[in-house]
Amino acid sequence: MNSSLKRAKYGHPKSWLKQQGREDCAKSILVLQKVANCAKHGPGNSCKELYRMRPDLFPRVSTEKEATENRLVIDGVELDKLFDAARKAAG
């Protein structure tokens, strides 16, 4: 089973969430994914995409080129919202 998981391609779970009646969580799940990737990997596509989706998470940034893990600001309230969406999506 583990080897089949490694070979599978996983995209954004929007269609699965829609089937489960939880499509409203899809954007928050995508934001959470981009936040994690930006924080883990630093400057790159995830930080740029996150900036385009949620520029408010980079309060001292004016362009996507400046969006880095060091300039990402996630407070406790925002983190709770993202985790709540993940819990809701999980059922």
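Refer to the structure above for everything that follows.
These numbers come from a predicted model, not from an experiment. (Residues numbered from 1 in each chain as written. Predicted model: local features only at pLDDT ≥ 70, side-chain atom pairs only at ≥ 80, totals over all residues. Heavy atoms only, no water.)

The next thing to look at is the overall build of the chain. Looking only at helices and strands, the chain features five helices and zero strands. What you see in the chain, going N to C, is helices and strands ordered as α-α-α-α-α. Put simply, of all contacts in the chain between residues at least 6 apart along the chain, 36% involve residues at least 24 apart. Surface exposure of the chain reaches about 6,400 Å², of which carbon and sulfur atoms provide 51%. (Helix = DSSP H or I, 4+ residues; strand = E, 2+ residues; numbered from the N terminus. Contact = heavy atoms within 4.5 Å. Areas by Shrake-Rupley, 256 points an atom, 1.4 Å probe, with all protein chains shown as cover.)

All right, on to the state of the cysteines then. Counting across every chain of the model gives one disulfide. Covalent S-S linkage joins Cys38 and Cys47, the inter-sulfur distance amounting to 2.1 Å. Every disulfide takes its handedness from the sign of the S-S torsion; for Cys38 and Cys47 that torsion is 95°, giving right-handed. (Disulfide = S-S within 2.5 Å.)

This paragraph deals with the packing of helix α3 (residues 26-41) against helix α5 (residues 76-90). Where α3 meets α5, the closest approach of the two axes is 9 Å, and the angle between their N-to-C directions is 125°. Taken together, the axes of α3 and α5 are oblique relative to one another. Like other packed secondary-structure pairs, α3 and α5 cross with a definite hand, here left-handed. Judged by residue contacts, Ser28, Ile29, Val31, Leu32 and Val35 of α3 engage Leu82, Phe83, Ala85, Ala86 and Ala89 from α5. Of the residues belonging to the contact of α3 with α5, the class tally is nine nonpolar, one polar and no charged. (Axes fitted to C-alpha atoms, helices over the stretch in contact; angles between N-to-C directions. Parallel < 35°, antiparallel > 145°, perpendicular 65-115°, else oblique. Left-handed = near helix turned anticlockwise from the far one by under 90°. Nonpolar A, V, L, I, M, F, W, Y, C, P; charged D, E, K, R; others polar.)

With respect to the helices, strands and loops of the structure, Glu78 is situated in helix α5. Here Glu78 falls in the buried class, since its relative accessible area comes to 11%. Discounting residues that sit within four places of it in the chain, Glu78 has contacts with Arg54 and Leu57. (Buried < 20%, exposed > 50% of the residue type's maximum accessible area, 1.4 Å probe, protein only.)

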